[in-house]
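Each chain is listed here by its residues.
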Amino acid sequence: MPRLLPVFLSALALAFVLMPLTHASAAEKEFSDAGVKWKLPDGWSFSPVSGAEKGAGFFAKVECSSASVEVWAYAKATDGLDLAQRAAELKQAGAEGMGSVQKTKVLDTTLSGVKGKVVVQRIQADGGTPGHFRKYVMVSDGKFYQLLMRCWHDAHTSVGDEINAVRQGFRLLKGAGGEDAKETLTEVDAAADKGDAEDGAKEGGSASDEEDDGWPKNGPKKEGRKVSMLNHNFSWDLPEASKFEWTRATSNVKNKTGNFMSAMARVKRKKKEYEKNTPDNNVAQMDVILLNTNPGFKPVNWIKQGHAKDYVVKQLGALTEVAGSTNKDSVKFGNHRASFVKLTGTFKGKKRVVMVFVVMLRGQAYFISAIVQGHTDAYKQMAPLVGKAIRGITFPETDEPVRGPLLGMIPDYAWIRGKDAKKEKTITGPGFQFRKPKTLAQVNIRDSMNRDVRFVGEARSADGKAYFYYEIRTFKLNQPNTPNPKEETFVEKRAQDWEAGAGKEAYLGGKKLKFKKSSYGKAKGLSYEFTGHLGDEPVMEEGWVVKHKSTLLWIKHQFIGADAEKLLGRLAKDCKKAVKFGR
């Protein structure tokens, strides 16, 4: 599975505020695998780190005995991200599903004497409890090192000196700098709201990234109880009678992946409806997460092969133990259908039920989760509320186009990537001129490593069930000290790529490769035809390797879908007629 946004415990943690615990006095510990030693002030102690937390990159956790403060230490490879990008991710992670972000600042700081960033956020839990989150991050030796602090009530001021000491006691075994300076810890308190720029000038922030109601300005579009992300083909209208309320949203709806929005329902139980020392309410939290997936990703297989359990336990940290699971291949989901899994178990000793609905549509994977926790009948009471909320989910473009191409220049996802599909356009290259027909969308290939590629286009049928791919490559002949390539060489290489690179389901049409003399317009050479499959869809590629004067051209037509040749064959013929040789 791909990497999710770095969060404290998970992007789906429920809003349960921890009360102060009793621990021993000062402690010091060395974490050799992480390359860190950590000395704590009196009244602070180390706590166990769960398997899910370790899997996410956390190697240590400390707690305060006199105030509601928890701190997690993280160390993991940067995976190509820089410091600013990581700080942006930490900012976007927000309240981690534990409430709503009231205000945020991103400031320069140090951690273990190394220059870094700190994301400071004022939080309000859904029950009204105020919180102060501090997310420190710096880079050393190709790793991100982070301290992620949760302070509830006024702990950031009542034990502020101790919090500073906790940060100052965090030191790298190698590469540490000077002592970290003390911080005020009050950068986003309520008194600082008026006229206080969010993020600060150094980060290029504006006066505020939120509307008056706390909804992100650059987040999903919100109209009443309806939230829309048309660029992600998704909208969700919470019914007026629904118990669910919006709790958070991404600050940048243009992001391709991440936790985009959360909604929570809380049902207060009447006295005598619950046993002593058990929760007095039932809670359900729903999150919408978009992830990158492999081209052949199928939600049904993902669930049946056990990946869903791993995702919920390790990636989301939503369960620490799983007692049982049920799944369904296809269930009604808004105006579409989804694969479904329900996992029952515990999280830190408390019973939970986690439901995950997975939709794969137009090349995008949607993971909509619902976490239910509370009284012994929480699932029985909250599941119908989850079902009612789901009815308001809409995928505006419900037609699921066939993916493509197979062994082409662009990723085989179903997003419509081309441009100028409604107008003709002239493309010129060495030895040819191509008049792009209408309905053929031109795909950007400027960043392609294959400099011989001159044009790539694609099209789909009106119902999205058939796909056509078009490509032109050229090679100069008669170059000094360079032997002229033979047409047979290109066809043989393509046959090898087709057999080896198209996957186990692909095959070469016919038992023996045969060359066929042919022409493309006035240019003469060889043609070939290969067949195969892309998932469940049949694929046919016809290609021509032809010569015109000092230029060799390689042109491909690729059809994907049961009726692709029938539905898009006319466009292929128009493309063939649109090529003129010589300039």
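As a further point, take the sheet that holds strand β13 (residues 234-237). In sheet architecture, strand pairing relies on hydrogen bonds along the backbone and comes in two forms, parallel and antiparallel. Judged by pairing direction, the sheet is antiparallel, and its 4 strands sit side by side in the order β11-β12-β13-β21 without closing on themselves. Two strands in the sheet have a free side with no partner beyond their single neighbour: β11 (221-223) and β21 (393-394).

Moving on, we get to the sheet that holds strand β28 (residues 523-534). The 7 strands are arranged β24-β25-β26-β30-β29-β28-β27 in an open sheet whose pairing can be described as antiparallel. Either end of the sheet is taken by a strand with one partner, and the two such strands are β24 (441-442) and β27 (516-520). Relative to strand β26 (residues 467-476), strand β25 (residues 453-460) runs antiparallel, the two sharing 7 bridges. Note that in β26 the partner of F455 across the bridge is I472.

As a further point, take the pattern of salt bridges. For the structure on display, the rule yields 21 salt bridges. E471 is paired through a salt bridge with R473; the nearest N and O atoms lie 2.5 Å apart. Per residue, the accessibility class of E471 equals that of R473, and both read buried. The structure contains a network of salt bridges with shared partners spanning K61, E63, E70 and R150.

This paragraph deals with the nonpolar core. F234, W236, F244, M286 and F333 are the most contacted members of the largest nonpolar core, which has 40 residues in total. Top contributing element to this core by residue count: helix α7 (residues 378-390), with 6 residues. Excluding its chain neighbours within four sequence positions, the residues that come into contact with W236 are R225, K226, V227, W246, M261, M286, V288, A389, G392 and I393.

Our next topic: the environment of T110. Take T110: it is sitting in strand β6 (residues 100-111). Overall, the relative accessible area of 23% leaves T110 in the partly exposed class. With 57 residues separating them in the primary sequence, T110 and R167 have C-alpha atoms 9.5 Å apart. In this structure, T110 is in contact with K115, G116, R167, D180 and A181, ignoring residues within four places of it in sequence. A distance of 2.7 Å separates the side chain of T110 from the side chain of D180, its partner in a polar contact.

Below, the discussion takes up the pairing of strand β23 (residues 432-436). Burial of the side chains of β23 is restricted to one face: F432, F434 and K436 are buried, whereas none of Q433 and R435 on the reverse face is. Of the pairings in the sheet, the one linking strand β22 (residues 425-429) to β23 comprises 5 bridges and is antiparallel in character. Bridging across to β23, I427 finds its partner in F434. Connecting β22 to the antiparallel partner β23 that follows it, the hairpin turn spans 2 residues, and G431 within it adopts a positive phi of roughly 80 degrees.

This part takes up a negative patch on the surface. There is a patch of like negative charges on the surface, built from E397, D399, D463 and D563. Mapped onto the fold, D563 is located in the loop between β30 (551-560) and α9 (564-577).

On inspection of all chains with the given rule, the structure shows 30 aromatic pairs. Taking the centre distance of 5.4 Å and the plane angle of 70 degrees together, the rings of F58 and Y74 count as edge-to-face. Within this pair, whereas F58 is found in strand β4 (residues 58-64), its partner Y74 is found in strand β5 (residues 69-77), the two being separated by 16 residues in sequence. A residue is classified by how much of its surface remains accessible, and Y74, at 5% relative accessible area, is buried.

So, on to helix α2 (residues 83-93). Along α2, the positions that sit buried rather than exposed are R86, A87, E89, L90, K91, Q92 and A93. If you check the start of α2, you find a side-chain oxygen 3.3 Å away from the backbone N of A84, and it comes from D82. Following α2 by one or two positions, G94 has its phi on the positive side, about 60 degrees.

Only one face of strand β2 (residues 36-39) is buried, namely the one carrying V36 and W38, since none of K37 and K39 on the opposite face is buried. Both strand β1 (residues 28-31) and β2 contribute to a ladder of 4 bridges, which runs antiparallel. What sits directly across from F31, in β2, is V36. Where β1 hands over to β2, the hairpin turn is made up of 4 residues, of which G35 adopts a positive phi near 75 degrees. By the bridge criterion, 3 bridges tie β2 to strand β10 (residues 170-172) in an arrangement that is antiparallel. Across the sheet, the residue bridging to W38 is F170, located in β10.

Our focus in this paragraph is the confidence of the model for the protein chain. On average, residues of the protein chain score 82 in pLDDT, and 84% of them reach the 70 mark or higher. The least confident element of the protein chain is helix α1 (residues 51-55), whose mean pLDDT is 77; the most confident is β10, at 97. Note that pLDDT drops below 50 for residues 1-25; the model gives that stretch 103 contacts with residues more than four away or on any other chain. Segment residues 191-208 is flagged for pLDDT under 50; beyond a separation of four residues in sequence, or across chains, it makes 31 contacts in the model.

So, about unusual backbone geometry. For S112, which is not glycine, the phi torsion reads 55 degrees and is therefore positive. With respect to the secondary-structure elements, S112 resides in the loop between β6 and β7 (114-124). Take S112: its relative accessible area is 0%, and that puts it in the buried class. Of note in the backbone geometry, D141 takes a positive phi value of approximately 55 degrees without being a glycine. In this structure, D141 sits in the loop between β8 (130-140) and β9 (143-152).

What counts and what doesn't
Residues numbered from 1 in each chain as written. Predicted model: local features only at pLDDT ≥ 70, side-chain atom pairs only at ≥ 80, totals over all residues. Heavy atoms only, no water. Pairing = 2+ DSSP bridges. Helix = DSSP H or I, 4+ residues; strand = E, 2+ residues; numbered from the N terminus. Salt bridge = Lys/Arg side-chain N within 4 Å of Asp/Glu carboxyl O. Buried < 20%, exposed > 50% of the residue type's maximum accessible area, 1.4 Å probe, protein only. Core = buried A, V, L, I, M, F, W, Y, C linked by side-chain atoms within 4.5 Å. Contact = heavy atoms within 4.5 Å. Polar contact = N/O pair within 3.5 Å; in protein donor to acceptor, adjacent residues only side chain to side chain. Patch = residues over 30% accessible without salt bridge, like charges linked within 9 Å, V, L, I, M, F, W, Y side chains within 5 Å. Areas by Shrake-Rupley, 256 points an atom, 1.4 Å probe, with all protein chains shown as cover. Lys, Arg positive; Asp, Glu negative; His and termini not counted. Charge placed at Lys NZ, Arg CZ, Asp CG, Glu CD. Phe/Tyr/Trp six-rings, centres within 6.5 Å; stacked < 30°, edge-to-face > 60°. pLDDT = per-residue confidence, 0-100.

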